[in-house]
Amino acid sequence: MSAHFEELGWQQTAMGEISLRRRFEPTARIDVFEVKLGDEYLMSSLFTVAERELARLGLARTKGADLDVIVGGLGLGYTAQEALRDNRIRNLTVVEYSDAVIDWHSRDLLPDTVGLAADSRVALVRADFFAAATGTVGFDPESPGRTYDAILLDIDHSPRHVLHDPHTAFYTQDGLRALSNFLAPQGTFALWSDDAPDEQFLSVLETVFTDVAAEQVPFDNPLTRGRSTNTIYLATRS
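Residues numbered from 1 in each chain as written. Predicted model: local features only at pLDDT ≥ 70, side-chain atom pairs only at ≥ 80, totals over all residues. Heavy atoms only, no water.

What exactly am I supposed to notice about the layout of surface pockets here?
Gaps left between atoms are located by rolling a probe of water-molecule size over the structure's atoms. Its boundaries defined by the atoms lining it, the largest pocket holds a volume of some 380 Å³. If you trace the largest pocket, you find 18 residues lining it, with Tyr41, Leu42, Met43, Phe47 and Asp194 closest to the centre. Taken together, the elements giving at least two residues each to the lining of the largest pocket come down to β4 (40-44), β10 (210-221) and β11 (226-236). No other element matches β4, which puts four residues into the lining of the largest pocket. Across the lining of the largest pocket, the residue classes tally to seven nonpolar, seven polar and four charged. The computed volume of the second largest pocket comes to approximately 170 Å³. (1 Å grid on protein atoms, 1.4 Å probe; cavity = no way out; pocket = protein on both sides within 12 Å on 5 of 7 lines; lining within 4 Å. Points joined across faces, edges and corners; volume = space filled by probe spheres on them. Helix = DSSP H or I, 4+ residues; strand = E, 2+ residues; numbered from the N terminus. Nonpolar A, V, L, I, M, F, W, Y, C, P; charged D, E, K, R; others polar.)

Structure follows, in structure tokens:
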């Protein structure tokens, strides 16, 4: 543990300055690693339950063996790390917009996810997830139209609270239908959200997918000394 603040890395992007910092959190009495975009907090190592549940719940409903999976957004790496606990994973492609974030993991700056970048099943790809998801080529330029068994997404705060205005189009019927083209039959789409379940967004999901659900994930919040809740949306391609 340390009693000081340290900025471990930063980069200017089209969405603003993204930074990684470590600070001592006196309430929990531990070192906390945080990712910020400008003044907005994107992720904290204090709160990882729902990020892990995104992978666990998404893969629990994904059938088959030798799974080929996309994770949208690398962040602190907890979703990707949890996905790798499933021994059916053959390939895990993590699509990350910022090469700075990929660099943080390549240099193992985050103690909880050391070794993630070196795992032979993992490919960390610098790309715009939303452009790939709504384009015609998809996530693998060398194999246009390649499909995946599951796509696990944790980038925006929620479908209504996006980090970058162009992302908004993804959460529409047209955007989700485009994404579904890159899912194998019976493949799973799972999405993390910081907000409560959104009935309007669930209705949009139901126009594209089957077996649609919103799972609320409660977790202890050491800052409020209470409980907080995130949402995981789950949907299956027919």
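Read on, since the account is not over.
Please explain empty space enclosed by the protein as it appears in this structure.
Tallied over the entire structure, the rule returns two cavities of 30 Å³ or more. Volume-wise, the largest cavity comes out at about 340 Å³. Lining the largest cavity we find 25 residues, and of these Ile18, Leu42, Glu96, Ile155 and Leu163 sit closest to its centre. For the lining of the largest cavity, the secondary-structure elements that each account for two or more residues are β3 (30-37), β4, β6 (89-96) and α4 (129-134). Taken together, the residues of the lining of the largest cavity break down into 15 nonpolar, six polar and four charged. Considered as a void within the structure, the second largest cavity measures approximately 50 Å³ in volume. As for the second largest cavity, its lining consists of Met43, Glu51, Leu54, Val71, Gly72, Gly73, Leu74, Gly75, Gly77, Tyr78, Thr79 and Asp154. Of all elements in the fold, only α1 (49-60), β5 (67-72) and α2 (78-83) reach the threshold of two or more residues within the lining of the second largest cavity. A per-class count over the lining of the second largest cavity returns five nonpolar, five polar and two charged.

Help me out: how do you make sense of the pattern of salt bridges in this one?
Opposite charge on two side chains allows them to pair when their charged atoms are near. Evaluated as defined, the whole model comprises 15 salt bridges. Arginine 107 is paired through a salt bridge with aspartate 103; the nearest N and O atoms lie 2.9 Å apart. The exposure class of arginine 107 is partly exposed, given its relative accessible area of 47%. Take aspartate 103: its relative accessible area is 34%, and that puts it in the partly exposed class. (Salt bridge = Lys/Arg side-chain N within 4 Å of Asp/Glu carboxyl O. Buried < 20%, exposed > 50% of the residue type's maximum accessible area, 1.4 Å probe, protein only.)

Just checking my understanding: could you explain the sheet that holds β3 for this structure?
Hydrogen bonding along the main chain pairs the strands of a sheet, whether they run parallel or antiparallel. An order of β1-β2-β3-β4 is seen for the four strands of this open sheet, with the pairing classed as antiparallel. Where the open sheet ends on each side, the last strands, each with one partner, are β1 (6-13) and β4. The average undirected angle you get between the axes of adjacent strands in this sheet is 25 degrees. Here strand β2 (residues 16-25) runs beside β3; their pairing, made up of eight bridges, is antiparallel. The residue of β3 that forms the bridge with arginine 23 is valine 32. (Pairing = 2+ DSSP bridges. Axes fitted to C-alpha atoms, helices over the stretch in contact; angles between N-to-C directions.)

Is there a simple way to explain the pairing of β4 in this structure?
Side-chain positions along a regular strand alternate between the two faces of the sheet. Examined bridge by bridge, β3 and β4 share four bridges and lie antiparallel to one another. Bridge pairing links leucine 37 to glutamate 40 in β4.

Nothing here speaks to function; it is geometry throughout.
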